[in-house]
Amino acid sequence: MILSDSTGLKNKAHATKLVGAGRRREWTGAVVNPPVWRASTHLYVSTKDLAEGPRRNEDGRFFYGRRGAPTQWALCDALTEIEPGAAGTVLYPSGVAAIAGVLLTLLRPGDVLLMTDNAYDPSRAMGRGLLHDLGVETRFFDPLDMSAYEALFCQKTRAVLLEAPGSLSMEVCDVPALARIAREKGAVSVLDNTWAGPLGFAALDKGVDISLMALTKHVGGHSDLMMGCASAGPELYAKLRQRAQQLGTVVSPDDASLALRGLRTLNLRLGQETASALAIAEWLSRRPEIAQVLCPMLPGSTGHEFWKRDFTGGCGLFSFTFKGGDGASRNRFIDALELFGIGYSWGGYESLALPIEPSHYRTCMAWPPRGGDPQDCHGVRLSIGLEDPNDLIADIEQALARMQGS
Ligand SMILES: *Cc1c(COP(=O)(O)O)cnc(C)c1O
């Protein structure tokens, strides 16, 4: 019988795990999904019971609303289930809140954080703002330059923030090697694993200490939810959990329920998106208007060999640059798209397009990447959704024609 506890899922495939994960009978009762437990107050049966409350501050025990209730616990359980090597998962009200919660757990005044130069821009802003104000210094590194990275460590380096592939420019780095060096130097490695998620990259298994992601993206999957999470082994999980409690971090049971719903179809959506994105990336790479297609699944893209070696899946998010042209022609292309929305975020069921200028968000990495022609600096990021890929290609083709005014 499924349910009860999820240990029976341990050696099962992703698709099977995603169906059973987090569905404990004591949380779901006789229905399939855990109900939305709206709760601030948890009631105790006696003052004796109450007196034991704070002492039994464990996962899956009723205490007070800030520690969650079965809807959130079921989501944590499910996320832990799909992250090999995780002892537990902490939820945060957004992906950025997860990054903040993790870094505020690890760093003290005087510490140095090494951050990959192609990190998500709000992570960079956190280094320059929040962490700087707290007396933590952030140093950026090129994750493709191992010797420069290794040389950057000092006595005060406490943590390393990685992201693979990098935001916007999509380079895949050698995460296991970068994490191993961090460990040798006595620093904690953190991976923003939003792109692949645990189904596509088993971060802890590959030597990363803390794996975080924006559930807003693929787990939510329907563009109607903001949430983040971080998973780790026993020691770091306990620290993350304690710091989240000190910060008063909570997520609503309604949102946890939506995230659980998204999780059930995650494997299917990722598989379809990956196949569609690769087909579109291949088509784009043959077009004369396009300079570079920056897609980890596409042979020849930067770090494709690491993607092939370390990843078990992809997703629908990739970028490309135009040959020459200017910002206005690039924007004409995006405005001419009919099936792509224009907006931030990604990983929803619907396709999106976004103009990108990564040079604004880089300290030491070049844009355009890989020695691309400096003229070819106008980029677009696509988030491929669940539409038919041939319709998306036809849409891109007509937008390319309209960009050129034909
Ligand atoms: C979107 C995103 C985040 C932040 O998630 P929010 O839920 O929007 O705060 C973090 N990392 C990456 C790589 C992202 O794309």
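Residues numbered from 1 in each chain as written. Predicted model: local features only at pLDDT ≥ 70, side-chain atom pairs only at ≥ 80, totals over all residues. Heavy atoms only, no water.

Please set out the sheet that holds strand β9 (residues 317-322) residue by residue, giving values where relevant.
If you walk across this open sheet you meet the 5 strands as β8-β9-β12-β11-β10, and the pairing is mixed. The two strands at the open ends of the sheet, each matched to only one other strand, are β8 (290-294) and β10 (341-342). Against the sheet, helix α12 (residues 266-285) engages β8, β9 and β12 (379-383), with an angle of about 10° to β9. (Pairing = 2+ DSSP bridges. Helix = DSSP H or I, 4+ residues; strand = E, 2+ residues; numbered from the N terminus. Contact = heavy atoms within 4.5 Å. Axes fitted to C-alpha atoms, helices over the stretch in contact; angles between N-to-C directions.)

Would you mind going over the site of the ligand in detail, with residue names and values included?
Near the ligand, the surroundings consist of 13 residues, among which G95, V96, D192, T216 and K217 are the closest. With respect to the ligand, the backbone of G95 contributes an N or O atom lying 2.8 Å from an oxygen atom. Within the side chain of K217, an N or O atom sits 2.7 Å from an oxygen atom of the ligand. When the ligand is considered free in solution it has 380 Å² of accessible area, and contact with the protein chains removes 92% of it. Here the shell around the ligand takes 3 residues from helix α5 (residues 95-106), the largest share from any one element. Partitioned by chemical class, the residues of the shell around the ligand number 6 nonpolar, 4 polar and 3 charged. (Near = heavy atom within 4 Å. Polar contact = N/O pair within 3.5 Å; in protein donor to acceptor, adjacent residues only side chain to side chain. Areas by Shrake-Rupley, 256 points an atom, 1.4 Å probe, with all protein chains shown as cover. Nonpolar A, V, L, I, M, F, W, Y, C, P; charged D, E, K, R; others polar.)

Tell me about the packing of α5 against helix α6 (residues 121-133), and please be specific about residues and values.
Where α5 contacts α6, the axes come no closer than 11 Å and their chain directions differ by 45°. By the criterion of interaxial angle, the relationship of α5 to α6 is oblique. Helix-helix and strand crossings are classified by hand; for α5 and α6 the assignment is right-handed. Judged by residue contacts, V96, I99, A100, L103 and L104 of α5 engage P122, S123, M126, L130 and L131 from α6. For the contact of α5 with α6, the per-class residue count stands at 9 nonpolar, 1 polar and no charged. (Parallel < 35°, antiparallel > 145°, perpendicular 65-115°, else oblique. Left-handed = near helix turned anticlockwise from the far one by under 90°.)

Account for the UniProt feature "modified residue: N6-(pyridoxal phosphate)lysine" (unreviewed entry) in the chain, with residues named and values stated.
Mapped onto this structure's residue numbering, the UniProt feature "modified residue: N6-(pyridoxal phosphate)lysine" (unreviewed entry) falls at K217. Tracing the backbone shows K217 in the loop between β6 (210-214) and β7 (228-232). When its relative accessible area of 8% is taken as the criterion, K217 is described as buried. Among all residues touching K217, those that are not within four sequence positions of it are T194, S345, W346 and G347. (UniProt positions renumbered as here; feature names shortened; annotations may be inferred. Buried < 20%, exposed > 50% of the residue type's maximum accessible area, 1.4 Å probe, protein only.)

Before we move on, can you summarise the sheet that holds strand β1 (residues 88-92) with the specific residues and values?
If you trace the 7 strands from one edge of the open sheet to the other, you get β1-β7-β6-β5-β4-β2-β3, paired in mixed fashion. Each end of this open sheet is capped by a strand with a single partner; those strands are β1 and β3 (137-141). The average undirected angle you get between the axes of adjacent strands in this sheet is 20°. Alignment of strand β2 (residues 112-116) against β3, held across 5 bridges, turns out to be parallel. Bridging from a neighbouring strand, L114 pairs with R139 of β3. Contacting β2, β3 and β4 (157-163), α6 crosses the sheet at an angle of about 160° to β2. Contacting β3, β4 and β5 (188-192), helix α8 (residues 175-184) runs over the sheet at an angle of about 175° to β4.

Could you give an account of α12, with specific residues and numbers?
Between its first and last C-alpha, α12 extends 28 Å over 20 residues, near the 28 Å set by a 1.5 Å rise per residue. When α12 is considered as a whole, its buried residues turn out to be L266, R269, L270, E273, T274, S276, A277, I280, A281, W283 and L284. (Expected span 1.5 Å × (residues − 1).)

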